[in-house]
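Structural overview for review
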Amino acid sequence: MSTLFKDRPVWAERPGLPARAAKNTTLAVIAVVILFPLYVVILTSLSPASAVNSAGGLVLVPQGISFQAYADLFSGGVVTRAVLVSLGVTAVGTLVSLVATVLAAYGLSQPGSLWHRPLLFAVLLTFLFAPGMIPLYLLVSNVGLIDSYWSLILPTAVNAFNLVVMRAFFMNLPQEIGDSARVDGASEWTIMTRLVLPMSKGVTAVVGLFYAVGYWNAFFNAILYINDNAKWPLQLVLRQYVQQGQQLSSSSVIGDAMQGGTASAPNLAIQMAIVVVALVPVTFVYPLVQKHFTKGVIIGAVKG
């Protein structure tokens, strides 16, 4: 037994007390650096007007709690509409992207499929040459998608990286399962839906997370294709009112329900509340698929 431990490499040994203390200290510092700005943003969004005014900006020390900023946001103004738009685009876009990616990945994972090599070459070519902004805008405009919610979904419906990852996962599955099903008379649709997809829950969850986060955080397509601010997604509202410092007027952000004499929250508190609302969905969804994240990416990775 002593010989076995003696022959272990240095990196396999249990680190000493100084090394463990240094690692824990480093992790604690990183956690503080990450969590402190989030704490300030949440606290400022929940602070009353007196606390924001006395702090002269972001609130560092709690001086009372007020949900007025969130009441203003969800009282029927542009932020309320933007949240609904982002939720709808994320839900529909993730579904469309997953369906398209699964169908394309399964077809490209079968060596005898129609136009297998040309289509695979076209997918891989997008890693090197991305379409330009002007040709893409002209295409979206010519098919009549300007000011349409579909312009936020269809131009980015299929991601080449996600397609390659899912294709590699399908190719790593035992081919004998599909062959035996074909001998029994099963169609390719039956094989994909009843055999392949149940074994691919991990990579499907990971790819779905990638798509959902991408749709939720996207704002550039809305800048290009959406002219009606009533159709703005939440991230574009966040960009206009927080990053660019545009003032939050009561007529645009606060709904009619808040116009009857109720004092609105400070402008800074509303801005921080928008940031919190933009962070909440990803923060809650990610832990649900975290257990599939590493396994899905590693198993579906391209090897060789």
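Residues numbered from 1 in each chain as written. Predicted model: local features only at pLDDT ≥ 70, side-chain atom pairs only at ≥ 80, totals over all residues. Heavy atoms only, no water.

As named in an unreviewed UniProt entry, the protein is Binding-protein-dependent transport systems inner membrane component, taken from Nocardiopsis dassonvillei. Recorded in UniProt for the protein, the comment headed Sequence similarities (unreviewed entry) runs: "Belongs to the binding-protein-dependent transport system permease family." For the protein, the Subcellular location (unreviewed entry) comment in UniProt is given as "Cell membrane". (UniProt positions renumbered as here; feature names shortened; annotations may be inferred.)

Section: the overall build of the protein
Broken down by element type, the protein carries 14 helices and zero strands. Along the protein, from the amino end to the carboxyl end, the secondary structure elements read α-α-α-α-α-α-α-α-α-α-α-α-α-α. Among the 304 residues that make up the protein, the fraction classed as buried is 37%. Across the protein, the fraction of contacts at a sequence separation of at least 24, relative to all contacts at a separation of at least 6, is 74%. As displayed, the protein has an accessible area near 17700 Å², and 69% of this comes from carbon and sulfur atoms. (Helix = DSSP H or I, 4+ residues; strand = E, 2+ residues; numbered from the N terminus. Buried < 20%, exposed > 50% of the residue type's maximum accessible area, 1.4 Å probe, protein only. Contact = heavy atoms within 4.5 Å. Areas by Shrake-Rupley, 256 points an atom, 1.4 Å probe, with all protein chains shown as cover.)

Some points on the UniProt feature "transmembrane region" (unreviewed entry) in the protein
The residues that UniProt annotates with the feature "transmembrane region" (unreviewed entry) are residues 21-42, 82-107, 119-140, 152-170, 202-226 and 268-289. Span residues 119-140 is 68% helix and 0% strand, its end C-alpha atoms 22 Å apart.

What to know about the nonpolar core
If you look at the biggest cluster of nonpolar residues, it comprises 56 residues, and the most contacted ones within it are Leu73, Val79, Met166, Phe170, Leu234, Val237 and Ile274. Here this core gets 11 residues from one element, more than from any other, and that element is helix H5 (residues 78-109). Among the domains, domain 1 (15-74 + 247-299) and domain 2 (77-223) are the pair contributing at least three residues each to this core. Dropping the residues within four chain positions of it, Met166 is found in contact with Thr101, Val102, Ala105, Val203, Thr204 and Val207. (Core = buried A, V, L, I, M, F, W, Y, C linked by side-chain atoms within 4.5 Å. Domains from an automatic or database assignment.)

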